[in-house]
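Chain by chain, the residues:
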Amino acid sequence: MDEAQQKSAALNAILTAWEQALGQGVSPELLATTAMFAALTDMVDLHGEEAVAQLCDGLGARIRAGEFTLSDDPA
């Protein structure tokens, strides 16, 4: 699989697991927090604390710029 196919497969797997967890009664907030924890711990293991900290330093601006916003409805 090329990188685009891997990204698509990964997203589909995560979305499937997400829906299953919601169906089991896990709250969306707890699910999101846990997913972020899992992602960050794996990234730290792969890239180290400093590299991940630098990535996270830029997240505020990216969030405010709408990079992670899927709808036009404000929260």
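Everything that follows concerns the structure shown earlier in this document.
On a predicted model such as this, the values are computed, not experimentally measured, just so you know.

(A) Fine view of the overall build of the protein chain. Assigned secondary structure in the protein chain consists of four helices and zero strands. When the helices and strands of the protein chain are listed from N to C terminus, the series reads α-α-α-α. The C-alpha extent of the protein chain, read off along each of the three principal axes, is 35 × 35 × 25 Å. Accessible area for the protein chain stands at about 6400 Å²; split by element, carbon and sulfur atoms hold 60% of it.

(B) Looking closely at the layout of surface pockets. Space inside the largest pocket adds up to approximately 530 Å³. In terms of lining residues, the largest pocket is bounded by 13 residues, among which M36, L59, R62, I63 and F68 are the most central. Going through the elements one at a time, α2 (28-47), α3 (49-57) and α4 (59-64) are the ones with two or more residues in the lining of the largest pocket. Looking at the lining of the largest pocket, the element that brings in the most residues is α2, giving four residues. Taken together, the residues of the lining of the largest pocket break down into 10 nonpolar, one polar and two charged. In this model, the second largest pocket occupies a volume close to 450 Å³. Every residue lining the second largest pocket is listed: K7, A10, L11, I14, L15, A17, W18, L31, A32, A35, M36 and A39. At the level of secondary structure, the elements contributing two or more residues to the lining of the second largest pocket comprise α1 (3-23) and α2. Of the residues that constitute the lining of the second largest pocket, the class distribution is 11 nonpolar, no polar and one charged.

Each value, and the rule that gives it
- Residue numbers run consecutively from 1 along every chain, following the written order of its sequence.
- Local features in this predicted model are restricted to residues whose pLDDT is 70 or higher, and side-chain atom pairs enter the listing and the counts only when it is 80 or higher, whereas totals over whole chains, interfaces and linings include all residues.
- Calculation of side-chain values draws on the structure's entire complement of heavy atoms; hydrogens and water are dropped beforehand.
- By the criteria applied, helices consist of DSSP H or I runs no shorter than four residues and strands consist of E runs no shorter than two, each listed in order from the N terminus.
- Here the Shrake-Rupley method, with its probe set to 1.4 Å, supplies the accessible areas, and only the displayed protein chains count as covering residues.
- Only protein atoms enter the calculation, which uses a 1 Å grid: trapped sets of points that fit a 1.4 Å probe without letting it out are cavities, open sets showing protein on both sides within 12 Å along at least five of seven lines are pockets, and any residue with an atom within 4 Å of a point is a lining residue.
- Grid points are joined across faces, edges and corners, and a volume is the space filled by probe spheres set on the points.
- The residue classification treats Ala, Val, Leu, Ile, Met, Phe, Trp, Tyr, Cys and Pro as nonpolar and Asp, Glu, Lys and Arg as charged. All others, Gly included, are polar.

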